[in-house]
Amino acid sequence: MGFADVARELLLVAPADFVAERTARQRAVRKDDRALATAIGGLRKPAPAAWVIDLLAHEGALDEAVDLGPAIRQAQAGADPAVIRKLRRQRAGVVDALTQAGADLASDAGHPVTPAVLDQVRATIEAAMADPHAGAAVRSGLLVRALESAGFDDVDLDGALADPDAVPDAWSGSGAAPIPITEGRRAAGTTRASRKPDCKPDHKPERKPDHKPERKPDSEPDREPDREPDREPDREPEPAPDSSPETDPAAERRAAGEAETAARTESRDADAALDAAEDALATAEARRADLERQLAEATAEVTRLEHARDDAETTSDRARELLAAAQHHRREVGR
């Protein structure tokens, strides 16, 4: 059995029981296949939503949803409103049914999930319908974190699979390797972010030097210069275009995407720290069990030795009594 097969089995174990089961499987294969044991030890515990998706994949329940994705994308490309509405209604029904099925599977396994987890399950199914890469990932049964779709960007599959090499369609299913969502947003927003204001401060169209000869001799020379500065503020270029880069929706989306990426990274780091802590706890518990077993064996040995000592003391006392009796009898006979 290869690592992908072992991972599929372990990812069906409820997250609360995952670490203990992973440790048991790792120990079971360590003697015969150390490389496999190392790979199993590095398997991440699935997020609750990913666990539910893997349960659905194990049942083969995700095929209809994933197969519906190309039809929806084709209808959107053809811009047929009637077909798009029909497919969207069908998609909503499929997503609702699968989300409920996932909730039922989790409850049947003895670990019901929260509404927040089911929202992530729903988002993952929708991502699988929107992106063929994500569709291959969720059908693999190797998902370890939830997915989400952001508009027309590829779904970010970085760190989403327990064994990426076992799911080549997750990387080449649509003919192009997927990229992280934030990278796509960053590339799309570069042009707008670097855009300069169109208005130039030295553009003053109202100043016309050739008008000065037309002034009357008796006109006050200091009145006319006062009027021209009065007109210039009225002709000041509109400030709205100057401030547009600050309120650019693309920049706001990019900032939100970066914040989302930072939060996801922090969440992954926390999950990794939790996995490490659980591994350390499992190791400590195994060590404690070994020490308790050794203590029990040592206690039993002490008890056995104490009994042996007591028996030896009894035997020694009897021997002394016999010796004393023999000596007394010898003395009596000698008289």
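Since we're looking at a predicted model, the values are computed, not measured.

Criteria and cut-off values
- Per chain, residue numbering runs from 1 following the sequence as it is written.
- It should be noted that, the model being predicted, local features are given only for residues of pLDDT at least 70 and side-chain atom pairs only at 80 or more, the latter also being counted only at that level, while totals for whole chains, interfaces and linings use all residues.
- Here the side-chain values reflect all heavy atoms present in the structure, with hydrogen atoms and water set aside.
- Secondary structure elements follow DSSP: runs of H or I of four or more residues count as helices, runs of E of two or more count as strands, with numbering from the N terminus.
- Using a 1.4 Å probe on the protein chains alone, a residue whose accessible area is under 20% of its type maximum counts as buried, one over 50% counts as exposed, and one in between counts as partly exposed.
- Here a residue-residue contact requires only that any non-hydrogen atoms of the pair lie within 4.5 Å.
- One confidence number per residue, pLDDT, is output by the predictor and ranges from 0 to 100.
- Interaxial angles span 0 to 180 degrees and are taken between N-to-C directions of axes, which are lines fitted to C-alpha atoms, for helices over the stretch in contact.
- Any angle that falls under 35 degrees is termed roughly parallel, while one over 145 is termed roughly antiparallel, one within 65 to 115 roughly perpendicular, and all others oblique.
- Take the far helix as your reference; a near helix turned counterclockwise from it by less than a right angle gives a left-handed crossing, and one turned clockwise gives a right-handed crossing.
- All amino acids are sorted into three groups, where Ala, Val, Leu, Ile, Met, Phe, Trp, Tyr, Cys and Pro are nonpolar, Asp, Glu, Lys and Arg are charged, and the leftover types, Gly among them, are polar.
- By definition here, a salt bridge exists when the distance from a side-chain nitrogen of Lys or Arg to a carboxyl oxygen of Asp or Glu is within 4 Å.
- Under the rule applied, a polar contact is a pair of N or O atoms within 3.5 Å (in protein, one hydrogen donor and one hydrogen acceptor; residues adjacent in sequence only if both atoms are side-chain atoms).
- Residues enter a nonpolar core if they are buried and are Ala, Val, Leu, Ile, Met, Phe, Trp, Tyr or Cys, with the set joined through side-chain atoms within 4.5 Å.

A word on the overall build of the chain
Thinking step 1. Across its full length, the chain carries 13 helices and 0 strands.
Thinking step 2. For the chain, the succession of helices and strands along the chain, N to C, is α-α-α-α-α-α-α-α-α-α-α-α-α.
Thinking step 3. Taken over 335 residues, the chain has a buried fraction of 28%.
Thinking step 4. For the chain, the share of sequence-separated contacts (at least 6 apart) that also reach a separation of at least 24 residues comes to 67%.

A closer look at the confidence of the model for the chain
Thinking step 1. When pLDDT is averaged along the chain, the result is 76, and 68% of the positions lie at 70 or above.
Thinking step 2. Per-residue pLDDT, averaged within each element of the chain, yields its smallest value for helix H10 (residues 181–193) (38) and its largest for helix H4 (residues 48–58) (97).
Thinking step 3. Of the regions scoring below 50 in pLDDT, residues 173–245 engages in 53 contacts with residues more than four places distant in sequence or in other chains.

Section: the packing of helix H6 (residues 81–108) against helix H7 (residues 115–130)
Each pair of packed helices can be summarised by the angle the axes make with each other and by the distance between the axes.
Thinking step 1. Axis separation between H6 and H7 bottoms out at 9 Å; the angle between their running directions is 135°. Judged by the inter-axis angle, H6 sits oblique to H7. Pair H6 / H7 crosses with right-handed handedness. From H6, Arg91, Val95, Asp96, Leu98, Thr99 and Ala103 reach across to H7, where they touch Leu118, Val121, Arg122, Ile125, Glu126 and Met129.
Thinking step 2. Grouping the amino acids of the contact of H6 with H7 by side-chain chemistry returns 7 nonpolar, 1 polar and 4 charged.

Digging into the pattern of salt bridges
Thinking step 1. Under the counting rule described, the total for this entry stands at 7 salt bridges.
Thinking step 2. We note a salt bridge from Arg8 to Asp5, for which the minimum N-O separation is 3.7 Å. With a gap of 3 residues between them, Arg8 and Asp5 both fall in helix H1 (residues 3–10), about one helical turn apart.
Thinking step 3. In this structure, Arg25 engages Glu9 in a salt bridge whose closest nitrogen and oxygen atoms are separated by 3.0 Å. Linking Arg25 in helix H2 (residues 15–30) with Glu9 in helix H1, this pair joins segments that are 16 residues apart in sequence.
Thinking step 4. With a relative accessible area of 38%, Glu9 lands in the partly exposed category.
Thinking step 5. Via salt bridges that share partners, Asp63, Asp67 and Arg139 belong to a single interconnected network.

Comments concerning the side chain of Asp131
Thinking step 1. Note on placement: Asp131 falls in the loop between H7 and helix H8 (132–139).
Thinking step 2. The exposure class assigned to Asp131 is buried, which follows from its relative accessible area of 4%.
Thinking step 3. At 2.9 Å, the side chain of Asp131 forms a polar contact with the backbone nitrogen of His133.
Thinking step 4. Residue contacts for Asp131: discarding those within four places in its chain leaves Arg73, Asp154 and Val155.

Observations concerning the environment of Thr114
Thinking step 1. Positionally, Thr114 belongs in the loop between H6 and H7.
Thinking step 2. Judged by relative accessible area, Thr114 falls into the partly exposed class, the value being 43%.
Thinking step 3. Residues Thr114 and Pro48, spaced 66 residues apart in sequence, show a C-alpha to C-alpha distance of 9.3 Å.

Looking at the nonpolar core
Thinking step 1. Membership of the largest hydrophobic core comes to 56 residues, with the highest contact counts inside it found for Ile125, Leu143 and Leu147.
Thinking step 2. Every element with two or more residues in this core is listed here: H1, H2, helix H3 (34–41), H4, helix H5 (63–78), H6, H7 and H8.
Thinking step 3. In terms of residue count, H4 provides more of this core than any other element does, 8 residues in total.
Thinking step 4. Excluding its chain neighbours within four sequence positions, the residues that come into contact with Leu143 are Leu11, Pro46, Ala50, Ile53, Asp54, Thr124, Ala137, Val138, Ala160 and Leu161.

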